[in-house]
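Remarks on the overall topology
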Amino acid sequence: MYGRLLPAIDSLSALPHPKAMPPASTARSTGDFRADRRYEYARAAFDERDFEAAADLARQVLELAPDFAPAHAMLGRSLAEQGQREEAVGALRRALALEAADELGVRLDLAKLGALPPGEAITEGYVRALFDDYAPKFDRHLTGSLAYRGPELIAGALRRACSERDREHRFGLTLDLGCGTGLMAQALAGLCTSIEGVDLSPGMLEKAEKTTLYDALHKGELVAFLQGRATAEADLVVAADVFVYMAALDAAFREAHRVLKREGLLAFTVQAHEGEGFILGADARYAHSESYVRELAEAVGFTIVLFEPVSTREDRGVPVPGFLCVMQR
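Procedures and definitions
- Residues numbered from 1 in each chain as written.
- Predicted model: local features only at pLDDT ≥ 70, side-chain atom pairs only at ≥ 80, totals over all residues.
- Heavy atoms only, no water.
- Helix = DSSP H or I, 4+ residues; strand = E, 2+ residues; numbered from the N terminus.
- Buried < 20%, exposed > 50% of the residue type's maximum accessible area, 1.4 Å probe, protein only.
- Contact = heavy atoms within 4.5 Å.
- Areas by Shrake-Rupley, 256 points an atom, 1.4 Å probe, with all protein chains shown as cover.
- Core = buried A, V, L, I, M, F, W, Y, C linked by side-chain atoms within 4.5 Å.
- Arc of directions from axis to C-beta.

**Focus: the overall build of the protein**
If you tally the helices and strands in the protein, you get 14 helices and 11 strands. Within the span of the protein, comprising 329 residues, buried residues form 54% of the whole. Of all intrachain contacts in the protein linking residues separated by at least 6 positions in sequence, the fraction that spans at least 24 positions is 62%. In the form shown here, the protein has an accessible surface area of approximately 14,800 Å², with 49% of it arising from carbon and sulfur atoms.

Here you go:
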């Protein structure tokens, strides 16, 4: 259908508005109007699940712009949907070779096809691009459409943990890992003498800055950020729905333990996995098992104060299972 209609289309305004194609919709241009026109129509075809047409259109784009990574990714995804695994893997690998930072998220597709270890599926580049695109509508979508409540759950857990440990429900320096737009700082407002946030996404950090709740905001990956902090300087480290973008948590736990003062707290949420270790879920997020989290905490030197099954968000109206955890150094 789509390939036959293309010759009659003279301008981008004649195209139906394409919906964002997961996992990232970063705007791109080939520099060739004809190629851009075909790519946008390919996106629309993919979104309408006409994968044969999407693949055909992607090939047309590549005839005009052979090194346009999004078209290789589109071709790979369309072929994968049609069960053509080997061709799909080849196209996806070509996209990755052209854009090694993987802002398009093709590593996720390769992992789903068994062509890449699950633990290597998510990169900093993908997360940065994903949340830069997401930043303008992040709060509204999370708290509205997804019924997100991770920061509120962590704040409540910290209150109960402090009561259980007979310690004051106030904190010194607090480090907010993957701070996003600042929802965690809002949930902890008035409870911390100072709070600093770190996030990969400049778009998210711009939103966080507008809350005026942070003493400092840092752009970067959370483990590298922690590695640059002084030993035993923080009273609290929080990570609300951040570890879902990380496979192994060893380095994050180890560095959090190092930067915390004696009896300092680490509070976080993860998505739940009923088996062992961690898995890459169908929602393109990592899920961690209870045994994995508990064993890693013990190995690093944390004492678990609170560990509860929770759901921090919904997916198509269904609660996503997870764990809420507070640990003490």
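**Regarding the nonpolar core**
Grouped together as the largest cluster of nonpolar side chains are 34 residues, with contacts concentrated most on Val-61, Phe-68, Met-74, Leu-75, Val-106 and Leu-110. Looking at this core, the elements with two or more residues in it are helix H2 (33-47), helix H3 (51-64), helix H4 (69-81), helix H5 (85-98) and helix H6 (106-112). Considering every element that reaches this core, the biggest residue donor is H3, with 8 residues. With near-sequence residues (within four places) excluded, Phe-68 lies in contact with Arg-28, Ser-29, Thr-30, Tyr-39, Val-61, Leu-62 and Leu-98.

**Considerations on unusual backbone geometry**
Of note, the phi angle at Asp-241 is positive, near 50°, even though the residue is not glycine. With respect to the helices, strands and loops of the structure, Asp-241 is situated in the loop between strand E4 (234-239) and helix H13 (250-259). On the basis of relative accessibility, which here comes to 17%, the residue Asp-241 falls in the buried class. Residues other than glycine seldom take positive phi values, yet Ala-284 does so here, at roughly 65°. Structurally, Ala-284 can be placed in the loop between strand E6 (278-280) and strand E7 (286-289). Since its relative accessible area comes to 11%, Ala-284 is described here as buried.

**Focus on helix H14 (residues 290-300)**
Looking at H14, one finds that the buried residues are Tyr-292, Val-293, Leu-296 and Ala-297. Angularly, the buried residues of H14 cover 125° about the axis, an arc narrow enough to put them on a single face. Those residues of H14 that are exposed and aimed more than 90 degrees away from the buried face are Glu-295, Glu-298 and Ala-299. A positive backbone phi angle near 115° is found at Gly-301, which sits one or two residues after H14.

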